[in-house]
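# A look at the structure
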Amino acid sequence: SFELKPESVSSLRRLERFLRVNPKAAILIMGHTDNLGSDEYNLKLSLQRAQSVQNYLLKAGIKSDRIKVVGKGFREPMVPNSSPSNQALNRRITVSIQ
C-alpha cells in the first residue's frame, strides 16, 4: 500500500519541522518495495509511496521545488528479500537531503 501509516506521522512532523527550520534545504524522497510482484508494479508502487510523503509535506506548506520524488522499486533492498520479515523491512521510504 502507499497510504501513510498512522505511526509514520511523528516522523513526517519531524521532517516538516526540519524543512521549516532549514528553508534552503531540499530533499529527495525515495520509495522502495519488496520483490513481490512485477518490476513495473513495484516501480509504480514505490513512486506512489514517495508521492504520499510529498503530498503530506505540500499540504503542510512546504514548497514543491524543495521536494523531489523517485520510485526505486525493489532495486535497492536494505536486506535480502529472503523472508517475510525482511520483505517488510524493504517496504519503506528513505529521505536524503540534497
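As shown above, the structure is provided for reference.
Cut-offs applied
Per-chain numbering applies: the sequence of each chain, read as written, is numbered from 1 onward. Given that the model is predicted, a residue must reach a pLDDT of at least 70 before its local features are reported, and side-chain atom pairs must reach 80 or more before they are shown or counted; all residues, however, enter totals for whole chains, interfaces and linings. Values reported for side chains reflect all heavy atoms of the structure, with hydrogen atoms and water molecules removed beforehand. Only buried residues count toward a nonpolar core. Its members are Ala, Val, Leu, Ile, Met, Phe, Trp, Tyr and Cys residues joined through side-chain atoms within 4.5 Å. The rule is simple: take the accessible area with a 1.4 Å probe, protein chains only, and divide by the maximum for that residue type; under 20% is buried, over 50% is exposed, in between is partly exposed. Labels follow the DSSP assignment, with helices taken as runs of H or I lasting at least four residues and strands as runs of E lasting at least two, numbered in each case from the N terminus. Here a salt bridge means any side-chain nitrogen of Lys or Arg lying within 4 Å of a carboxyl oxygen belonging to Asp or Glu.

## Re the nonpolar core
If you look at the biggest cluster of nonpolar residues, it comprises 11 residues: L12, L15, L19, A25, I27, I29, A50, V53, L57, I62 and I67. For this core, the secondary-structure elements that each account for two or more residues are α1 (9-21), β1 (27-31) and α2 (39-59).

## With respect to the pattern of salt bridges
Oppositely charged side chains may form a pair once their charged atoms are brought near each other. The full count for this structure, using the stated rule, is 4 salt bridges. With its nearest N and O atoms 3.1 Å apart, the salt bridge here joins E16 to R20. Taken as a pair, E16 and R20 lie in helix α1 at a separation of 4 residues, close to a single helical turn. The class for R20 is partly exposed, based on a relative accessible area of 44%. For R91, the salt bridge goes to D34, with nearest N and O atoms at 2.5 Å. Separated by 57 residues along the polypeptide, R91 in the loop between α3 (84-90) and β3 (93-97) and D34 in the loop between β1 and α2 bring together distant segments of the chain. For D34, a relative accessible area of 5% corresponds to the buried category.

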